Structures are given as C-alpha cells and as structure tokens.
Amino acid sequence: MALTVEKYEVVSVDRAEVLRYMGYAGQRLTDELDARIDEVVARCLAVARPAGAWEVFEVAGREPMGEGVPSVQLAGASLRLEGESIQKHLAGAVAVGVMAVTVGMGVERELRRLSLSDPVAQVIFDAAGTTAVERAADACEASIVAAAHDRGLYTNFRFSPGYGDMPLSAQPVLLATLDAQRKLGITLSKSLLMTPTKSVTAVVGLFGEPQPSSHASCSDCLCRDFCRILRTGSPCWKR
Ligand code: SF4
C-alpha cells in the first residue's frame, strides 16, 4: 500500500481535555479564565494546519534483535519495532499502520511567541495544541481503520514510541519511512524530540480477528468525526 498524505479539519477540541492538559482537576474557574480559555483555544485552532502521513506494511517477521530483544519487522521498510510492549501490542497482527501527524509550524511559532509575552495564554495554548494534535491523530487512525476495513481486517489502538519499553530511538526511521520531513515538515533533534512539538507518531496493528481493544461502538469512538466507513452503514465492528 502506498504512502498517503492527508490534511484534516479539526474545528473543535474537547474543553475537558484542554483543562486536563492544563492540570485542572475540577477546581472552579474564574469567569475571566473561562473566557480566556475559549479565546486562546479558538486562536490555536485558527493557526493549526493538521496533517498526517500513514502507510500500512505487512508484518515480515518477528526475529528478536541482539540480546534477545523482541522485535517486529515490516515488509518493504527498514523500521523495526522493538520491545516487549510493542511485541505484545502487535501479537497476531498481519500488518501494521505506521503514522505521523502534526498541527504545523504556525502553532509552534505562536507557542514560542506566547512563552515570551503571555505565560497564562502559553499554558492554555500548549494544552489546546496537544488536544488538537491528538484529534489529528484520531483522524489519521480513522484512515487506517478504513484501510483495514477495506481488507476485512480489524485494528487495535495506536501505540507511540516512548510508550512501555518501545524506545524513542525508533523515531528517526519511523519518520524517514513516512518521508515526514518533506511531507509534513517534522524534524528531529539529537535528543529525538520532534519539531513541531505538537506532532505524534504511532503504529496501529491490523488483525484477521477482532481484538479486545478493537473499535466496538461508533457512539464513543474517537475516530467518529473523521470516519468514512461510518457513512456506508457498515461500521468497522459489524461484519
Ligand atoms: S466511528 Fe464506528 S465505524 Fe468508524 S472507526 Fe469508529 S467504531 Fe469504526
């Protein structure tokens, strides 16, 4: 399957998620802060340019790396997914969706500007950017779910380098696999941090049988707003 590059429309974010990323846990907000949050979130969505790149690769092997580190190899890609956690996540998978998303440099530039001029707005904007890039990741995951559905396969949830024992050292090859620097403008520092910072990489397993974590209901599915198969009347969980 070929590399797909897409733009996404993220027109709203979950306010509760923004508050959670800001560190709020049910405290009462002043009217002033309440209004400020709405204003800054709207600004973040206005400058965000959510986009993603993804490709599905067949699983080519599961040979351990040196010193017995578990590893999943992909056909036609030099990306090797290492560690116990990803081995478990992809146990039984026949293919793997590899994805990268970002909300773009506009959000990054605004974050830097606010860090010098308006610390309160910076905290809100940072949380809004994180929420927005997760929405972009939901949109990209929806595309992978649809590609799996077209093949009669089921997906589990996205899993990112840095989760469990999957090393961040997977990032350079993962991003190169998706040509993410050219297609999305994502670069990596020597310490493996992405710029724009509001970017996400992940892998999703594709399986012949439903998994305990497969999408099972459209009503509470995070991919719902971006899902093309929902409109066909034959959702991913109904075969
Ligand atoms: S919205 Fe429904 S059909 Fe679409 S991915 Fe979610 S569960 Fe599947």
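Residues numbered from 1 in each chain as written. Predicted model: local features only at pLDDT ≥ 70, side-chain atom pairs only at ≥ 80, totals over all residues. Heavy atoms only, no water.

Going by the annotation in an unreviewed UniProt entry, the name recorded for the protein is Vitamin B12 dependent-methionine synthase activation domain-containing protein, with Paratractidigestivibacter faecalis given as the source organism.

## Some details on the overall build of the protein
A count of helices and strands for the protein gives seven helices and nine strands. In terms of C-alpha radius of gyration, the protein reaches 19 Å, essentially the compact-globule figure of 18 Å for 239 residues. By principal-axis analysis of the C-alpha atoms, the protein measures approximately 55 × 45 × 30 Å. Just so you have it, the protein exposes about 11,700 Å², and 53% of that area is on carbon and sulfur atoms. (Helix = DSSP H or I, 4+ residues; strand = E, 2+ residues; numbered from the N terminus. Rg over C-alpha atoms; globule rule 2.2 N^0.38 Å. Areas by Shrake-Rupley, 256 points an atom, 1.4 Å probe, with all protein chains shown as cover.)

## A word on the pattern of salt bridges
For the structure on display, the rule yields 18 salt bridges. Its salt-bridge partner being Asp 118, residue Arg 36 comes within 2.5 Å of it at the nearest N-O pair. Of the two residues, Arg 36 sits in helix 2 (residues 31-47) while Asp 118 sits in the loop between helix 4 (105-117) and helix 5 (119-150), which places them 82 residues apart along the sequence. Arg 36 sits in the partly exposed class, given a relative accessible area of 23%. Here Arg 158 makes a salt bridge to Glu 141, at a shortest N to O gap of 2.8 Å. Within this pair, whereas Arg 158 is found in the loop between strand 6 (154-155) and helix 6 (171-177), its partner Glu 141 is found in helix 5, the two being separated by 17 residues in sequence. Several salt bridges converge on common partners, so that one network encompasses Arg 36, Glu 39, Arg 43, Glu 110, Arg 113 and Asp 118. (Salt bridge = Lys/Arg side-chain N within 4 Å of Asp/Glu carboxyl O. Buried < 20%, exposed > 50% of the residue type's maximum accessible area, 1.4 Å probe, protein only.)

## Concerning the nonpolar core
One broad trend across soluble globular proteins is that nonpolar side chains are buried collectively. In this structure, Ile 37, Val 41, Trp 54, Met 99 and Val 101 are the most contacted members of the largest nonpolar core, which totals 42 residues. Only helix 1 (15-22), helix 2, strand 2 (51-61), strand 5 (95-102), helix 4, helix 5 and strand 9 (199-207) provide two or more residues apiece to this core. Broken down by element, this core gets its largest block of residues, 14 residues, from helix 5. Counting residues in each nonpolar core, the second largest holds 25 residues, with Met 166, Ala 170, Leu 175 and Ile 186 among its members. (Core = buried A, V, L, I, M, F, W, Y, C linked by side-chain atoms within 4.5 Å.)

## A few points about the UniProt feature "domain: AdoMet activation" (unreviewed entry) in the protein
The sites that UniProt annotates as "domain: AdoMet activation" (unreviewed entry) are residues 96-204. Along residues 96-204 one finds 52% helix and 17% strand; the C-alpha atoms at either end are 6 Å apart. (UniProt positions renumbered as here; feature names shortened; annotations may be inferred.)

## Some details on the site of the ligand
Neighbouring the ligand are Val 145, His 215, Ser 217, Cys 218, Cys 221, Arg 224, Cys 227, Ile 229, Pro 235, Cys 236 and Trp 237. Across the shell around the ligand, the residue classes tally to eight nonpolar, two polar and one charged. (Near = heavy atom within 4 Å. Nonpolar A, V, L, I, M, F, W, Y, C, P; charged D, E, K, R; others polar.)

## Thoughts on unusual backbone geometry
Most peptide bonds take the trans form, and the phi angle of most residues other than glycine is negative. With an omega of -5°, the peptide bond running from Thr 195 to Pro 196 counts as cis. Examined against the element boundaries, Pro 196 turns out to sit in the loop between strand 8 (194-195) and strand 9. The phi angle at Leu 192 is positive, at roughly 70°, despite the residue not being glycine. Position of Leu 192 among the secondary structure elements: in the loop between strand 7 (187-188) and strand 8. When its relative accessible area of 23% is taken as the criterion, Leu 192 is described as partly exposed.

## Regarding the side chain of Thr 102
Mapping Thr 102 onto the fold places it in strand 5. Separated by 3.1 Å, the side chain of Thr 102 and the backbone nitrogen of Gly 104 make a polar contact. Not counting the four nearest positions on each side in its chain, Thr 102 is found in contact with Arg 49, Pro 50, Ala 51, Val 133, Leu 184, Ile 186, Pro 196, Lys 198 and Ser 199. (Polar contact = N/O pair within 3.5 Å; in protein donor to acceptor, adjacent residues only side chain to side chain. Contact = heavy atoms within 4.5 Å.)

## As for the packing of aromatic side chains
In this structure the tally under the stated criterion is one aromatic pair. Ring geometry for Phe 159 and Tyr 163: centres 5.3 Å apart, planes at 70°, overall edge-to-face. Since its relative accessible area comes to 9%, Phe 159 is described here as buried. Since its relative accessible area comes to 42%, Tyr 163 is described here as partly exposed. The ring of Tyr 21 has Arg 20 lying over it, and the distance from NZ or CZ to the ring centre is 4.9 Å. (Phe/Tyr/Trp six-rings, centres within 6.5 Å; stacked < 30°, edge-to-face > 60°. Lys NZ or Arg CZ within 6 Å of the ring centre and 35° of its normal.)

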